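Coordinate inspection notes
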Amino acid sequence: MRIPFPIIPKEHGAWAVLFVPMFIGASVTGRFSLNVLYLVLSALGGFMSYVPMQTVLRAWFFAAPGTEKLRAARFWASVYLGCSGLFIVPLFLQKLWLLVGIGMVGASAFLLNFILVRRYEKNLWSDLVAVLGLTLSAPSAYYVATGKLDQAAALLWLLNFLFFGGGIVYVHMKLRAAAMKKNALSFAEKLSLGKLNLLYHFFVLTLVGILVVKNFTPLLAMAAFVPMTIHAIYGTCKLSNTVRFKNLGLLLLAHALAFAVLLAAGAALISAQAGEAPSGRATVSNPATSKISDSANLQARIDAASPGDTMFVAAGVYEGNIRIDKKLTLIGSGGPVIRGSGNSSAVLLTADSCVFQGFVVEHCGKMLVNEDAGILIKSNDNVVTANKLRDVLFGIYLLQANRNVVAYNHIVGRKELELGERGSGIHIWNSLHNRFIGNVITDCRDGFYIQNANHTYLERNEAFGLRYGVHYMYADSNVFLRNKFYDNVAGAAIMYSRGIVMRRNSFARNRGFASFGILFQDCHNSSADSNVIADNVVGMFFEASTGNSFQHNVIAQNDVALQMFQNSERNTFAENNFIDNLNPLSLVGKRTLTQWSKNGKGNYWSAYGGYDLDHDGIGDIPLKIQNVFDYLEGRQPNLRLYLYSPAAQALAVAAKAFPVIEINQEMDEHPLMKPVALQELTKP
């Protein structure tokens with residue numbers, strides 16, 4: 001099929017009306033991101049489609065054009081709209097759904113313009129409707145750059161419409177003068193032809209002046225309208241029947257560029273809108289407290305503050321990394337966004353005894369070796385609380401930082417990266433006596449990575465969708481209570497550490513290749529009390545781990561409850577509930593010297609078939625902790641195909657009745673007849 005010749009809009013002014021507001025909308029945010037590029041390409045496709053779409057609509061509702069012309073229009077309308085839709089998909093994937101509403105308003109403006117042109121021919125009102133639709137590019141660019149469609153976006157649309165509408169009014173005045181075909185116009189005729197032009201520009205200048213006085217827009221916004229207003233007055237006074245459209249177009253383009261530069265120069269104030277102080281400036285309530293209520297350089301305000309000050313930061317988007325190098329309290333109001341530059345850490349905390357609370361932190365660097373994080377802490381005794389971190393490599397990174405409190409933060413990593421390319425949600429290195437409470441972490445590599453960090457305390461945190469929920473390396477005397485680690489490769493990996501205390505935690509649904517509820521590697525003298533380890537491939541895995549104590553835990557519905565290497569010795573299991581596990585123990589070796597009871601009390605095993613004649617709650621015959629099918633599978637891996645088969649179950653029953661195969665020597669001498677009471681799990 002022969003591809004028709006491209007159909008390209010020839011209204012040169014319309015290009016400026018589309019893209020100058022888009023430039024202004026992005027400039028106000030200070031960020032020309034990839035999202036803005038997607039928007040530019042999508043808007044370009046939509047704009048290019050309007051000429052062929054008009055041809056198609058005329059064919060539908062009025063007289064059909066020639067066949068070849070209609071075929072070309074349909075072809076290029078499909079191509080342009082297809083490209084527009086393709087480039088807007090990445091924005092929809094980021095849930096920027098309000099673009100649909102903006103697009104519907106733009107489409108309505110296009111249809112109204114089409115109806116007006118067909119019914120009344122091209123006139124002032126049809127052109128103003130077109131400008132109304134095209135200048136939607138300003139709030140669109142602002143929205144895709146900030147994720148907000150607020151008062152600032154509405155003001156951008158209004159200011160751009162007023163400016164470009166002024167150009168339309170001026171051009172139509174010139175066209176009416178040319179239609180009179182008189183060599184010279186009297187002053188009365190000029191005034192009659194130009195009165196709408198003069199009234200419009202004076203009205204606009206007055207309206208913008210009111211917005212400036214009321215602190216809705218900066219003074220530069222009014223200055224942006226002055227050159228066009230002066231030109232409108234001069235053009236009315238010099239009105240003639242001669243219109244040099246090329247010169248007029250260039251002059252209007254120059255005005256548009258000046259307007260864009262002046263309006264963008266006020267960007268720091270334009271984005272200080274809804275929910276902020278009317279003055280748009282910092283207010284001081286006492287010598288130690290200041291309120292930031294605009295989006296001016298936040299770093300400059302931090303640098304100007306005195307040690308010990310409290311700064312309340314208003315809602316808005318604050319572009320660029322910040323560094324806090326003196327004792328300050330920064331409290332966000334309404335979720336202000338600290339948007340990093342994409343290099344290094346978005347927030348760097350190097351001073352002691354600071355508070356950082358109530359912010360959204362995003363877009364840090366991409367280098368693991370540089371510790372690029374949403375918040376990088378290199379100091380002591382700080383409180384980092386109630387923040388949201390997103391699009392971060394590491395979430396919160398503590399580097400040689402002691403006695404900090406990190407609480408109630410919500411951290412989302414970069415899901416698009418492979419697990420090994422991500423950083424940890426909270427990463428602690430060579431740091432002591434830190435506390436982590438109530439944090440939620442997902443889509444990172446590890447939830448918590450704790451290395452060379454003794455006396456760390458974790459409570460009521462939640463970590464899911466990760467490699468390891470918590471990962472200890474050479475970290476002694478740590479405590480974690482009431483945490484939830486689920487839907488990970490491993491709930492916890494405790495490696496090369498001593499004296500770990502785990503109480504009332506949950507390790508659940510950790511499934512995948514080589515998945516564990518808890519992995520103990522070279523871990524010694526730790527205790528686990530009242531935890532739930534459920535629905536994992538392996539409940540707990542042990543290698544070269546000794547002297548650990550486990551009591552009052554529920555180990556339930558795992559494929560393998562415990563997997564141990566023979567070099568894991570002198571571990572104690574007492575008063576635990578082993579419930580409905582497919583295999584109670586997979587042992588690599590013959591014996592581990594594990595103690596399966598303490599003070600005459602063993603564990604509850606749901607598969608125990610013994611009896612209790614003296615009614616002391618303890619089985620009268622010991623329980624061999626073994627699974628004959630697991631033993632055979634270790635020698636013939638293909639037997640796993642029959643894991644859930646009746647034959648496997650029959651083999652298990654036969655092994656209990658006739659224990660002729662010596663699998664291992666692990667035995668609970670005092671198995672419990674009833675599960676440990678669940679209230680044990682709620683003890684303080």
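Residues numbered from 1 in each chain as written. Predicted model: local features only at pLDDT ≥ 70, side-chain atom pairs only at ≥ 80, totals over all residues. Heavy atoms only, no water.

Focus on the overall build of the chain
Heads up, the condition is: Numbering of helices and strands runs from the N terminus, with a helix taken as a DSSP run of H or I at least four residues long and a strand as a DSSP run of E at least two residues long. Remark: exposure states derive from per-residue accessible area (1.4 Å probe, protein chains only) relative to the maximum for the residue type, with buried under 20%, exposed over 50%, and partly exposed in between. In this description, contact between two residues means that some pair of their heavy atoms is separated by no more than 4.5 Å. Here the accessible surface of atoms and residues is derived via Shrake-Rupley with a 1.4 Å probe, and residues count as covered only by protein chains that are part of the display.
Secondary structure summary: the chain contains 15 helices and 41 strands in total. Within the chain, buried positions represent 52% of all 684 residues. For the chain, contacts bridging at least 24 residues in sequence account for 54% of all contacts bridging at least 6. Carbon and sulfur atoms provide 62% of the accessible area of the chain, an area that totals close to 31,200 Å².

Considering the environment of Val208
By the secondary structure assignment, Val208 is in helix 9 (residues 187-213). Along the chain, Val208 and Met222 lie 14 residues apart, while their C-alpha atoms are 5.8 Å from each other.

A few points about the nonpolar core
Spelled out, the test is: Among buried residues, the Ala, Val, Leu, Ile, Met, Phe, Trp, Tyr and Cys ones that are joined through side-chain atoms within 4.5 Å form a nonpolar core.
Core analysis: the largest hydrophobic core is formed by 80 residues, its most contacted members being Phe356, Ile396, Phe480, Met540 and Leu562. With five residues, strand 14 (residues 394-399) is the largest single contributor of residues to this core. Sequence-distant contacts of Ile396, that is, excluding residues within four places in its chain, are made with Ile375, Ile377, Val384, Leu389, Val406, Asn409, Ile411, Gly425, Ile426 and His427. Membership of the second largest hydrophobic core comes to 36 residues, among which are Leu156, Leu162, Phe163 and Phe225.

Thoughts on the sheet that holds strand 8 (residues 347-349)
What counts here: Strands are labelled as partners when DSSP assigns at least two bridges between them. Axis definition: a line fitted to C-alpha atoms, over the contacting stretch in the case of helices. Angles run 0 to 180 degrees between N-to-C directions.
Strand order in the open sheet made by the 12 strands is 5-8-11-14-17-20-23-26-29-32-35-38, with parallel pairing throughout. With partners counted over all chains shown, the strands left at the sheet margins are strand 5 (322-324) and strand 38 (583-588), one partner each. Strand-to-strand, the axes of this sheet are offset by a mean angle of 10 degrees, without reference to chain direction. Bridge analysis of strand 23 (residues 468-473) against strand 26 (residues 490-495) gives five bridges, and the strand direction is parallel.

Some details on the environment of Leu37
Within the element layout of this structure, Leu37 appears in helix 2 (residues 34-48). Expressed as a C-alpha distance, the spacing of Leu37 and Phe87, which sit 50 residues apart in the sequence, is 8.9 Å.

Comments concerning helix 9
Along an α-helix, residues three or four positions apart point the same way, because every turn accommodates 3.6 residues. For clarity, the cut-off: Bend is computed residue by residue as the angle between axes fitted to the seven residues ending at the residue and the seven residues starting at it.
Along its length, helix 9 reaches its greatest deviation from straightness, about 55 degrees, at Gly194. When we look at burial in helix 9, the residues that qualify are Lys190, Leu193, Gly194, Asn197, Leu198, Tyr200, His201, Val204, Val208, Gly209, Leu211 and Val212.

A word on empty space enclosed by the protein
Threshold: A pocket here means an open set of points on a 1 Å grid, computed over the protein atoms alone, that has protein on both sides within 12 Å along at least five of seven lines. A cavity is instead a set of points where a 1.4 Å probe fits but cannot get out; residues with an atom within 4 Å of a point line either one. Grid points are joined across faces, edges and corners, and a volume is the space filled by probe spheres set on the points. When residues are grouped by polarity, Ala, Val, Leu, Ile, Met, Phe, Trp, Tyr, Cys and Pro land in nonpolar, Asp, Glu, Lys and Arg in charged, and all others, Gly among them, in polar.
One pass over the full model with this rule turns up one cavity of 30 Å³ or more. By volume, the largest cavity amounts to about 40 Å³. Leu162, Phe163, His201, Val204, Leu205, Phe225, Met228 and Thr229 are the residues that line the largest cavity. At the level of secondary structure, the elements contributing two or more residues to the lining of the largest cavity comprise helix 8 (151-180), helix 9 and helix 10 (219-237). Taken together, the residues of the lining of the largest cavity sort by class into six nonpolar, two polar and no charged.

Focus on the packing of helix 7 (residues 137-146) against helix 8
Worth spelling out the cut-off: Any angle between 65 and 115 degrees counts as roughly perpendicular, while under 35 counts as roughly parallel, over 145 as roughly antiparallel, and the rest as oblique. Whether a crossing is left-handed or right-handed is set by the direction in which the near helix is turned from the far one by less than a right angle, anticlockwise for left-handed and clockwise for right-handed.
Contact geometry of helix 7 with helix 8 gives a least axis separation of 8 Å together with a crossing angle of 155 degrees. Between helix 7 and helix 8, the angle is such that the two are roughly antiparallel. Classified by chirality, the crossing of helix 8 by helix 7 is right-handed. Along the contact surface, helix 7 presents Ala138, Pro139 and Tyr142, while helix 8 presents Ala152, Ala153, Leu156, Trp157 and Asn160. Per-class residue counts for the contact of helix 7 with helix 8 are seven nonpolar, one polar and no charged.

Digging into unusual backbone geometry
The phi torsion of most residues other than glycine is negative, and most of the peptide bonds are trans. Phi at Glu371 is positive, roughly 55 degrees, even though this residue is not glycine. Within the secondary structure layout, Glu371 lies in the loop between strand 10 (360-362) and strand 11 (373-377). Unlike most non-glycine residues, His552 shows phi in positive territory, near 60 degrees. Within the element layout of this structure, His552 appears in the loop between strand 33 (549-551) and strand 34 (554-556).

Remarks on the side chain of Asn558
Here Asn558 is to be found in the loop between strand 34 and strand 35 (560-565). Once residues lying within four places of it in the same chain are set aside, the contact partners of Asn558 are Ile533, Ala534, Asp535, Asn536, Val537, Gly539, Asp580, Asn581 and Leu582.

What about a nonpolar patch on the surface?
Counted only if it meets this: Nonpolar side chains (Val, Leu, Ile, Met, Phe, Trp, Tyr) are joined into patches within 5 Å and like charges within 9 Å, using only residues with over 30% relative accessible area and no salt bridge. Between Lys or Arg on one side and Asp or Glu on the other, a salt bridge is scored when a side-chain nitrogen of the former is within 4 Å of a carboxyl oxygen of the latter.
Together, Trp97, Val100 and Met104 line one region of the surface with nonpolar side chains, adding up to about 330 Å² of accessible area. Mapped onto the secondary structure, Trp97 falls in the loop between helix 4 (67-93) and helix 5 (98-120).

A closer look at the pairing of strand 23
Buried residues dominate strand 23, accounting for six of its six residues. Bridge analysis of strand 20 (residues 446-451) against strand 23 gives five bridges, and the strand direction is parallel. Across the sheet, the residue bridging to Gln451 is Met473, located in strand 23.

Considering the confidence of the model for the chain
The criterion, for reference: What pLDDT conveys is the predictor's confidence in a given residue, as a value from 0 to 100.
Overall, the predicted model of the chain reaches an average pLDDT of 82, with 83% of residues at or above 70. A low-confidence stretch, residues 267-296 stays under pLDDT 50, and its non-local contacts, those more than four residues away or across chains, total 71 contacts. With pLDDT under 50 throughout, residues 631-642 is counted as low confidence; its partners more than four residues away or in other chains account for 10 contacts.

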